[in-house]
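# Structure assessment
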Amino acid sequence: MEAPAAPHNAGDLQLTVTSPDQMRELGRRLAKLLRAGDLLMLSGELGAGKTTLTRGLGEGLGVRGAVTSPTFVIARVHPSLGDGPPLVHVDAYRLSGGLDEMEDLDLDVSLPESVVVVEWGEGKVEELTEERLQVVIHRAVGDTTDEVRQVTVTGLGERWAAVDLSVLSA
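Residues numbered from 1 in each chain as written. Predicted model: local features only at pLDDT ≥ 70, side-chain atom pairs only at ≥ 80, totals over all residues. Heavy atoms only, no water.

### Side note on helix α2 (residues 50-61)
Over its 12 residues, α2 runs 16 Å from end to end, which matches the ideal 16 Å to within 8%, given 1.5 Å per residue. Burial within α2 is extensive, with 9 of its 12 residues counted as buried. Buried residues of α2: Lys50, Thr51, Thr52, Leu53, Thr54, Gly56, Leu57, Gly58 and Leu61, and no others. In this fold, the buried residues of α2 make contact with α1 (20-31), β2 (39-44), β4 (87-91), β5 (115-119) and β6 (132-139). At the exit of α2 stands glycine 62, carrying a positive phi of roughly 70°. (Helix = DSSP H or I, 4+ residues; strand = E, 2+ residues; numbered from the N terminus. Expected span 1.5 Å × (residues − 1). Buried < 20%, exposed > 50% of the residue type's maximum accessible area, 1.4 Å probe, protein only. Contact = heavy atoms within 4.5 Å.)

See below:
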């Protein structure tokens, strides 16, 4: 049996973000590239800025409700206030069962008409689609006063092959 082909990698974009406001602005810029059916996987240490980035995405997408960490509710849906897609914000940190637990959330049902953002999704959501945007946020560990973050954005699959991610660094 042949191993499945790896999803096409549209390239990485490396960014340095120096404040929570810049992280939110990155989310607002990123929102302009998104459409219904897009899956974003956010990775990073606790306190790296995943929810702050998602808050900016919500602002950029024009969705209802304050975007806060859904750690204890696992998933939160933010309907669009206009004609854009709703934002489904998932925190998979407390899910240990991989795709089985993720399937209980019915993300495959909401994915076609929503923008789905999953924090802590590694090893849990990759089977939903080969076309996704992976955002990895690195921060200095130990020095909690340092606001500097290194952000790597990677587009995977046909959907992202023609998208110019460099507009995010504007």
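### Here we look at the packing of aromatic side chains
Taken as a whole and judged by the stated rule, the model has 0 aromatic pairs. Note that arginine 159 overlies the ring of tryptophan 160, its terminal NZ or CZ placed 4.1 Å from the centroid. (Phe/Tyr/Trp six-rings, centres within 6.5 Å; stacked < 30°, edge-to-face > 60°. Lys NZ or Arg CZ within 6 Å of the ring centre and 35° of its normal.)

### Some details on the pattern of salt bridges
This model, assessed by the stated rule, comprises 5 salt bridges. With a closest N to O distance of 2.0 Å, glutamate 59 and arginine 24 form a salt bridge. On the criterion of sequence distance, the pair formed by glutamate 59 in helix α2 and arginine 24 in helix α1 is long-range, its members being 35 residues apart. Taking the relative accessible area as the measure of exposure, glutamate 59 reaches 34% and is therefore partly exposed. The class for arginine 24 is partly exposed, based on a relative accessible area of 27%. (Salt bridge = Lys/Arg side-chain N within 4 Å of Asp/Glu carboxyl O.)

### What about the packing of α1 against α2?
Direction vectors running N to C along α1 and α2 enclose 45°, while the axes themselves pass 7 Å from each other. Regarding the angle of α1 to α2, the classification is oblique. Along this stretch, α1 crosses α2, giving a crossing that reads as right-handed. Judged by residue contacts, Pro20, Met23, Arg24, Leu26, Gly27, Arg28, Leu30 and Ala31 of α1 engage Thr52, Leu53, Arg55, Gly56, Leu57, Glu59, Gly60 and Leu61 from α2. Looking at side-chain class alone, the contact of α1 with α2 contains 8 nonpolar, 4 polar and 4 charged residues. (Axes fitted to C-alpha atoms, helices over the stretch in contact; angles between N-to-C directions. Parallel < 35°, antiparallel > 145°, perpendicular 65-115°, else oblique. Left-handed = near helix turned anticlockwise from the far one by under 90°. Nonpolar A, V, L, I, M, F, W, Y, C, P; charged D, E, K, R; others polar.)

### Remarks on the side chain of threonine 51
Here threonine 51 is to be found in helix α2. Setting aside chain neighbours within four positions, we find threonine 51 in contact with Val67, Thr68, Ser69, His89 and Glu119.

### With respect to the pairing of β2
Within β2, 6 of the 6 residues are buried, which leaves it mostly tucked inside the rest of the structure. Alternating positions in β2 separate into two faces, Leu39, Met41 and Ser43 on one and Leu40, Leu42 and Gly44 on the other, with burial throughout. Looking at chain direction, β2 and β5 are connected through 4 bridges and run parallel. Counted as the bridge partner of leucine 42 is glutamate 119 from β5. Where β2 meets β6, 5 bridges bridge the pair, whose relative direction is parallel. Along β6, the bridge assignment pairs methionine 41 with glutamine 134. (Pairing = 2+ DSSP bridges.)

### Quick look at the nonpolar core
What tends to happen in soluble globular proteins is that the nonpolar side chains get buried as a cluster. Ranked by size, the top nonpolar core spans 29 residues in total, and within it Leu26, Leu40, Val151, Val153, Leu165 and Leu168 carry the most contacts. Elements that contribute at least two residues to this core include exactly β1 (9-17), α1, β2, α2, β5, β6 and β7 (149-156). Here the element with the most residues in this core is α1; it accounts for 4 residues. Ignoring sequence-local partners within four residues, the contact set of valine 151 consists of Leu13, Gln14, Leu15, Val17, Met23, Leu26, Val135, Val136 and Ile137. Leu39, Ile74, Val88 and Val118 belong to the second-largest nonpolar core, a separate cluster that totals 12 residues. (Core = buried A, V, L, I, M, F, W, Y, C linked by side-chain atoms within 4.5 Å.)

Scope: geometric values only; no functional claims are made or implied.
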